[in-house]
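Overview (structure and organization)
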Amino acid sequence: MTSLEGIYLYCIIPKQENIKIENIGLEEGKLYTVEYKDILAVVSNVPYKVYDFSMENIEIHENVVKDLMNYYTVLPFNYGNVLKTRNDLNSFLKATYINLKKNILKVTGKIEVGLKIFIKSEYLNSVIENDDIRRMKKQIAGMNEQLAVNLKVELGRMVKKALEKKQGELESKIFLKLKKFSSHARSNECNTVNMVLNASFLIEKEKLDLFTEELNKLTPSYDEKYMIKFTGPWPPYNFVEISK
C-alpha cells in the first residue's frame, strides 16, 4: 500500500468461517476483511482522500452493506469513512470493540424499516389551516404589500406551529403505537414542508408481519390526503451508535 492509499470502512460483521464477499467497492477496489478478536471489518483499499457525496459512490457503499445484510449481522458505517493506515484501523477497532459488540447484540436478528408520511400538496392548506390562519390570510390579502411584511412573517410562524401540531398528532396516533411492535424506534426530523412523520424502527425479523399488520390498521384513515411511504428492510444505520 502506498503512502497515498487508505482503507475505506463499510461495516462490521461478526467473525465466522467461509466469509464470501463478491461485491466491488469504491474505486473498483476488492473487498476484504480485517479481523480483530471475534469481529471483522469489511474494507477496501482506496486513495486516501475526502470522498464527494456523489450518488454513484453512495450507491456503491450502500449496495455493499445491503448485500452483506442478506447473509450476516451488519453494523453499517455511514458513507465516507477512510482511515489512513492498517494501524489506524486496528486502533479504531481496539478502542471501540466493547461498543461494537454491544451494537452487534442490539441488532442481531433485526432489520430496520422506515415510515414517512406526507400531506399531499393539493391538500396541504386544507389539512393545516385553522381559523386563525384563514383570518390572517384574509387580512394580508387586503393590505399593501409593504405593510403586510410583518404579518407574513407572523403567518409563517402560525403555519409552522400548525405543522408541528399535526406532526405531534401523527407521532401520538401512529409512531408511539408502532413503537410497541419494535425493539427500538426513532422519530427523526421532518425535512420537507409537507412531511409530518419521519420514523425509523428496528424490528425482529420474525415480527415484521405483526408490525405491518398494525401499520395497516393505523393508516387507512390517512390515505386520501396523505402519502405514506413504508420502506425497507435496511441495514440498521439509525440504530448503530459508535463511541469509544
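What you see is a predicted model; the values in this text were computed from it and never measured. (Residues numbered from 1 in each chain as written. Predicted model: local features only at pLDDT ≥ 70, side-chain atom pairs only at ≥ 80, totals over all residues. Heavy atoms only, no water.)

Focus on the domain arrangement of the protein
Split into domains, the protein comes out as domain 1 (5-107) and domain 2 (110-234). Placing a centre on the C-alpha atoms of domain 1 and another on those of domain 2 gives a separation of 35 Å. Buried surface at the junction of domain 1 and domain 2, both sides included, amounts to about 480 Å², of which 58% is carbon and sulfur. The three residues of domain 1 that bury the most area against domain 2 are Met69, Lys106 and Val107, which together make up 79% of that side's buried surface. At the surface where domain 1 touches domain 2, the tally comes to two residue pairs in polar contact (both at pLDDT 80 or more). Residue assignment for the side of domain 1 that touches domain 2 shows that the elements contributing at least two residues are helix H1 (55-69) and helix H2 (86-107). Among the residues making up the side of domain 1 that touches domain 2, the classes are represented as three nonpolar, no polar and two charged. (Domains from an automatic or database assignment. Buried area = accessible area lost by both parts, 1.4 Å probe. Polar contact = N/O pair within 3.5 Å; in protein donor to acceptor, adjacent residues only side chain to side chain. Helix = DSSP H or I, 4+ residues; strand = E, 2+ residues; numbered from the N terminus. Nonpolar A, V, L, I, M, F, W, Y, C, P; charged D, E, K, R; others polar.)

As for the nonpolar core
Formed by 32 residues in total, the largest nonpolar core has its most connected members in Leu115, Ile117, Ile119, Ile174, Leu178, Leu197 and Phe201. Contributing elements (two or more residues each) for this core: strand E6 (110-119), helix H3 (124-128), helix H4 (131-141), helix H5 (149-179), strand E8 (195-204) and helix H6 (208-218). Ranked by the residues each element gives to this core, the list is headed by H5, at nine residues. Apart from the residues within four sequence positions on either side, Leu115 is in contact with Ile174, Leu178, Leu197, Asn198, Ala199, Phe201, Leu215, Ile228, Lys229 and Phe230. (Core = buried A, V, L, I, M, F, W, Y, C linked by side-chain atoms within 4.5 Å. Buried < 20%, exposed > 50% of the residue type's maximum accessible area, 1.4 Å probe, protein only. Contact = heavy atoms within 4.5 Å.)

Structural notes on the sheet that holds strand E9 (residues 226-234)
The four strands lie next to each other as E7-E8-E6-E9, forming an open sheet whose pairing is antiparallel. The open sheet has two edge strands with one neighbour each: strand E7 (184-187) and E9. Ignoring which end each strand starts from, the neighbouring axes of this sheet average 15° apart. Looking at chain direction, E6 and E8 are connected through nine bridges and run antiparallel. Within E8, the residue paired with Lys110 across the bridge is Glu204. Lying on the sheet, H5 is in contact with E6, E7, E8 and E9; it crosses E8 at an angle near 15°. (Pairing = 2+ DSSP bridges. Axes fitted to C-alpha atoms, helices over the stretch in contact; angles between N-to-C directions.)

Remarks on the environment of Ile119
Mapped onto the fold, Ile119 is located in strand E6. We classify Ile119 as buried; its relative accessible area is 0%. Expressed as a C-alpha distance, the spacing of Ile119 and Tyr226, which sit 107 residues apart in the sequence, is 4.5 Å. Sequence-distant contacts of Ile119, that is, excluding residues within four places in its chain, are made with Leu124, Val127, Ile128, Leu163, Lys166, Asn194, Val196, Lys225 and Tyr226.

What to know about the confidence of the model for the protein
When pLDDT is averaged along the protein, the result is 87, and 96% of the positions lie at 70 or above. The least confident element of the protein is H4, whose mean pLDDT is 72; the most confident is strand E4 (residues 75-76), at 95. (pLDDT = per-residue confidence, 0-100.)

Describing the packing of aromatic side chains
Tallied over the entire structure, the rule returns ten aromatic pairs. Between Tyr8 and Tyr51, the aromatic rings sit 6.2 Å apart at their centres with planes inclined by 80°, giving edge-to-face as the arrangement. Taken together, the positions of Tyr8 in strand E1 (residues 5-14) and Tyr51 in the loop between strand E3 (39-47) and H1 put the pair 43 residues apart, joining distant regions of the chain. Overall, Tyr51 belongs to the buried group, its relative accessible area being 5%. Put simply, the rings of Tyr8, Tyr10, Tyr51, Phe53 and Tyr79 pair up and form one aromatic cluster. The side chain of Lys37 reaches across the aromatic face of Tyr97, ending 4.8 Å from its centre. (Phe/Tyr/Trp six-rings, centres within 6.5 Å; stacked < 30°, edge-to-face > 60°. Lys NZ or Arg CZ within 6 Å of the ring centre and 35° of its normal.)

With respect to H5
For H5, with 31 residues, the first-to-last C-alpha span of 43 Å sits near the 45 Å given by 1.5 Å per residue. Largest kink in H5: about 40°, centred on Glu171. Within the sequence span of H5, burial applies to Leu151, Leu155, Met158, Ala162, Leu163, Lys166, Leu170, Ile174, Phe175 and Leu178. (Expected span 1.5 Å × (residues − 1). Bend = angle between axes of the 7 residues up to and from the residue.)

As for the packing of H4 against H5
At their nearest, the axes of H4 and H5 sit 10 Å apart, and the two run at 160° to each other. Comparing their axes, H5 and H4 come out roughly antiparallel. H5 is crossed by H4, and the crossing has left-handed handedness. When H4 is examined against H5, the residues Asp132, Ile133, Met136, Lys137, Gln139 and Ile140 are found in contact with a partner set consisting of Leu151, Lys152, Glu154, Leu155, Met158, Val159 and Ala162. Its residues placed into classes, the contact of H4 with H5 shows eight nonpolar, one polar and four charged. (Parallel < 35°, antiparallel > 145°, perpendicular 65-115°, else oblique. Left-handed = near helix turned anticlockwise from the far one by under 90°.)

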